[in-house]
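These are the residues of each chain, in order.
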Amino acid sequence: MTATAKPFVMPAPHPKERRIIFGNLSIPGYDPSIDTYLKHGGYESLKKALTMKPSEIVDAVKASNLRGRGGAGFPCGAKWSFIKYDDGKPHYIVVNGDESEPGTFKDRYILHYDPHQLIEGLVIAAYATNTHLCYIYIRCEFPEAAKIVWNAIKEARARGFVGKNVCGSGFDVDIYVHQGAGAYICGEETSLLESLEGKRPYPRIKPPYFPAVLGLYMKPTIVNNVETICHVKHIIRLGPEEYAKMGTPGDGGTRTMCVSGDVMKPGFYELPAGAVTLGELIYDVCGGLKPGRKLKAVIPGGSSAKVLRAGEKFKIKVKGPDGQMVDKEIDVLDVVMDASSLAAVGTMVGSGGVMVMDDSREMVWALNNLNQFYAHESCGQCTPCREGSLWMSKITTRMLKGGAVENDPKMLKSVADNIAGRTVCAFGEACSWPTQSFLTKFPEEFEALATGQKS
Amino acid sequence: MTVTADPTATTERQADKVTPEIEAEIDEIISHYPVSKRSASLPLLHYWQNHFGYVDDSGIEWIAAKLELQPINILELVTFYPWFRRQAAGKTIIRVCRTLACAMAGSYEVREKFCKAVGLDPHEEHHGFGCAPPTTKDGKFSVEFVECLASCGSAPVALINDTLYENITPESVPGIVEKLK
């Protein structure tokens with residue numbers, strides 16, 4: 001039996017959208033079979049890539065300014081260039097399909113509905129880095145996706161796009177699907193590698209365990225997000241210059257913004273990087289807030305990104321008319337949704353998960369929900385995170401149940417401040433940033449509970 | 001010292017039910033990991049749990065022996081990863097997403113409705129990793145909260161066995177359960 005997901009119809013694109021990754025999905029009646037994929041130009045980019053020198057592909061990815069779409073936003077070409085093509089060691093590529101950052105839901109659609117796009121990008125990446133064994137790590141909460149991708153790999157193998165002598169080029173590559181088992185931490189790249197080695201997924205410390213040096217089985221390894229690998233195909237298809245032009249300098253191509261929460265049209269929107277401001281994204285692309293509601297808060301890049309408060313003003317540096325950098329005050333709604341602009345206002349574009357909250361939401365409640373998430377998902381390797389995430393969750397839960405004490409906001413801050421920077425992996429930051437930023441941006445709500453001014 | 005046998009204890013061992021066909025499928029899975037057999041431990045646990053419903057002591061020992069590991073190397077995975085359990089769960093497992101976007105869209109109420117619709121006490125606690133989620137006495141349904149299912153745009157969602165249900169309203173829950181019965 002062939003695995004299929006239930007039919008999915010992409011809504012008509014917003015005029016600001018430019019669908020590259022989700023181009024195929026926008027075709028009426030598109031299905032994940034290889035015949036449909038081939039009918040729409042599938043595997044042509046792979047054939048083109050196989051005529052190029054591997055180093056030319058790495059250079060093209062560098063020139064495209066593609067940044068990782070998993071959350072950390074590391075330049076993809078730079079990551080690839082750490083792998084020395086002919087160092088005599090085996091190399092591996094592991095695709096990170098452990099999509100589980102709250103607020104993020106883009107890879108789900110690629111894996112379920114356009115798996116060949118991922119496979120094509122992956123074979124190109126393998127060819128460019130002299131890799132003959134790849135794994136696609138898919139979280140087990142996507143059971144249908146795992147079947148669909150397996151099936152797609154079989155189809156691609158039968159047509160000679162995967163396996164021995166890809167398209168007659170003499171290049172061999174094997175791809176396997178590996179399923180996770182319900183742990184968020186496996187989205188962290190070194191943790192994912194431990195998981196793939198069959199161990200408890202405790203993240204490895206960097207240095208020395210950079211995947212590019214000591215990755216899977218202690219060999220040079222590239223770990224890339226599903227969406228990132230898909231972009232590779234389009235860099236080859238369009239050429240790096242054309243591709244880079246779609247984005248902003250240093251953040252090339254399109255970005256999929258996943259919008260959830262209190263907007264009229266939640267969903268994922270593929271936009272050229274930096275094409276919209278936060279205000280345009282909420283009020284134009286997503287149809288605004290629910291009737292009668294006012295904006296209160298936005299988490300712009302997955303739950304770990306620091307929260308933004310409606311009405312906040314930021315001083316940023318912009319190029320003035322005379323070419324000098326000048327200070328300019330902007331409202332939070334005018335922040336451009338790209339990596340550098342969000343970093344300039346103290347948060348991050350992360351995995352592109354935008355969570356919008358209107359004035360009906362209580363911030364302590366929202367933070368408590370996230371704290372419970374992090375307390376559940378901390379792997380327990382490092383004491384500050386294992387204990388701290390649990391205590392933050394206990395404190396916010398207690399505050400909501402009417403048991404707050406005056407010192408709670410200070411205590412929360414102190415716990416959070418003692419996690420970030422003191423752990424092996426970035427989960428420490430991820431779990432303390434929400435608490436730190438909610439406390440800084442909405443102190444009055446915490447104070448009200450702590451001092452008993454709110455029933 | 002004599003130990004009184006637990007009358008409810010079963011002497012059945014899952015490992016005794018491994019047929020040559022099962023072993024052939026397991027060998028095929030192991031072949032996906034040419035560099036290190038140990039990498040197959042998660043896939044084998046998935047295979048075992050899908051086949052037998054949960055993983056018992058004999059399963060842990062069997063998988064460990066198969067992969068030339070110690071049983072603790074497998075047990076430590078079962079106790080870490082939330083997906084694996086050492087007790088049978090319901091035939092239909094309803095996993096409701098608990099995290100922020102779904103919670104904002106009403107997933108707490110949705111979970112309660114699911115519990116009520118299948119006949120479970122919504123206040124019954126999940127006893128943690130390794131245990132089966134709260135399960136109806138007839139063994140038909142389990143209901144549990146899980147963390148983000150990565151479908152925040154169509155919140156609230158629930159993963160029911162292998163199928164994702166989206167935009168669930170509290171009103172739609174009894175109808176969903178009725179179809180699953």
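Conventions and cut-offs
Throughout, a residue's number is its position along its own chain's written sequence, starting from 1. By the order in which they are written, chains take letters starting at A while ligands take numbers starting at 1. The model is predicted, so local features are restricted to residues of pLDDT at least 70 and side-chain atom pairs to those at 80 or more, both for listing and for counting; the totals for chains, interfaces and linings are taken over all residues. Hydrogens and waters are ignored; side-chain quantities use all the structure's heavy atoms. Any two residues having at least one pair of non-hydrogen atoms within 4.5 Å are treated as being in contact. Put simply, buried area is how much 1.4 Å-probe accessible surface two parts lose in total, over both of them, once they are put together. Here, a salt bridge means any side-chain nitrogen of Lys or Arg that lies within 4 Å of a carboxyl oxygen of Asp or Glu. Side-chain atoms alone can form a polar contact between residues adjacent in sequence; in general such a contact is a pair of N or O atoms within 3.5 Å, and within protein one must be able to donate a hydrogen while the other accepts it. Each helix corresponds to a stretch of at least 4 residues labelled H or I by DSSP, and each strand to a stretch of at least 2 residues labelled E; elements are numbered beginning at the N terminus. Residues are sorted three ways: Asp, Glu, Lys and Arg are charged, Ala, Val, Leu, Ile, Met, Phe, Trp, Tyr, Cys and Pro are nonpolar, and all the rest, Gly among them, are polar. Exposed residues in this analysis have more than 50% of their type's maximum accessible area, buried residues have under 20%, and partly exposed residues fall in between, with area computed by a 1.4 Å probe over protein chains only. When DSSP finds two or more bridges between a pair of strands, those strands are recorded as paired. To obtain each axis, a line is fitted to C-alpha atoms, and for helices this fit is confined to the stretch in contact; angles are then taken between N-to-C directions over 0 to 180 degrees. Aromatic contacts are taken between Phe, Tyr and Trp rings whose centres are within 6.5 Å, Trp giving its six-membered ring; a plane angle under 30 degrees counts as stacked, one over 60 as edge-to-face, and the others as tilted. The rule for a charge over a ring is simple: NZ of Lys or CZ of Arg within 6 Å of the ring centre, and within 35 degrees of the ring normal. Nonpolar cores are built from buried Ala, Val, Leu, Ile, Met, Phe, Trp, Tyr and Cys residues. Side-chain atoms within 4.5 Å join them into one set.

Here the focus is the interface of chain A and chain B. Across the boundary between the two partners, chain A contributes 61 residues, which contact 41 residues of chain B. A buried area of about 3,900 Å², summed over both sides, lies between chain A and chain B, and 60% of it is on carbon and sulfur atoms. When the buried area of chain A at its contact with chain B is split by residue, Ala181, Arg200 and Asn369 of chain A rank highest and sum to 15% of it. Summed over the shared surface of chain A and chain B, the result is one salt bridge. The partner of Asp162 of chain B in a salt bridge is Lys147 of chain A, and the shortest N-O contact between them spans 3.2 Å. Seen at the junction of chain A and chain B, the total is 19 residue pairs in polar contact (both at pLDDT 80 or more). When residues of the side of chain A that touches chain B are traced back to their parent elements, those giving at least two are helix H5 (107-113), strand E2 (133-138), helix H7 (143-158), strand E3 (174-179), helix H8 (189-196), strand E5 (254-261), strand E11 (353-358) and helix H14 (363-377) of chain A. Counting residues per element, the side of chain A that touches chain B draws most heavily on H14 of chain A, at eight residues. Its residues placed into classes, the side of chain A that touches chain B shows 32 nonpolar, 15 polar and 14 charged.

Moving on: the pairing of strand E2 (residues 141-146) of chain B. Residue and element names in this part refer to chain B. E2 sits mainly inside the fold: five of its six residues count as buried. Summarising the sheet, strand E1 (residues 92-97) and E2 pair through six bridges and their orientation is parallel. Residue pairing for E2: Cys97 is matched across the bridge by Val146.

A word on the sheet that holds E1 of chain B. Strand pairing in a sheet relies on backbone hydrogen bonds, with the paired strands running either antiparallel or parallel. Residues and elements named next belong to chain B. If you trace the four strands from one edge of the open sheet to the other, you get E2-E1-E3-E4, paired in mixed fashion. In the strand order of this sheet, the two ends are held by E2 and strand E4 (163-165), each with one partner. Along the sheet, successive strands turn relative to each other by an average axial angle of 20°, direction set aside. Sheet analysis places E1 next to strand E3 (residues 158-160), joined by three bridges and oriented antiparallel. Looking at the pairing, Arg95 lines up with Leu159 of E3.

So, on to the packing of aromatic side chains. Applying the stated rule across the entire model yields 26 aromatic pairs over all chains. Consider the rings of Phe80 of chain B and Tyr81 of chain B, whose centres lie 5.4 Å apart with planes at 75°: the pair is edge-to-face. Neither residue differs from the other here; Phe80 of chain B and Tyr81 of chain B are each classed as buried. Aromatic rings pair up to connect Phe8, Phe22, Tyr109, Tyr113 and Phe268 of chain A into one cluster. Just above the ring of Trp83 of chain B sits the side chain of Arg95 of chain B; from NZ or CZ to the centre is 3.9 Å.

Next up on the list: the nonpolar core. Considering soluble globular proteins, one finds that nonpolar side chains tend to be buried as a cluster. Residue and element names in this part refer to chain A. In terms of nonpolar packing, the biggest core is built from 158 residues, with Trp80 and Phe438 touching the most fellow members. Counting residues per element, this core draws most heavily on helix H6 (residues 115-128), which supplies nine residues. Aside from chain neighbours lying at most four places away, what touches Phe438 is Ile299, Val307, Met357, Met363, Ala366, Leu367, Leu370, Pro443 and Phe446. Core analysis: the next-biggest nonpolar cluster, separate from the first, contains 27 residues, Leu281, Val285, Cys286 and Val298 among them.

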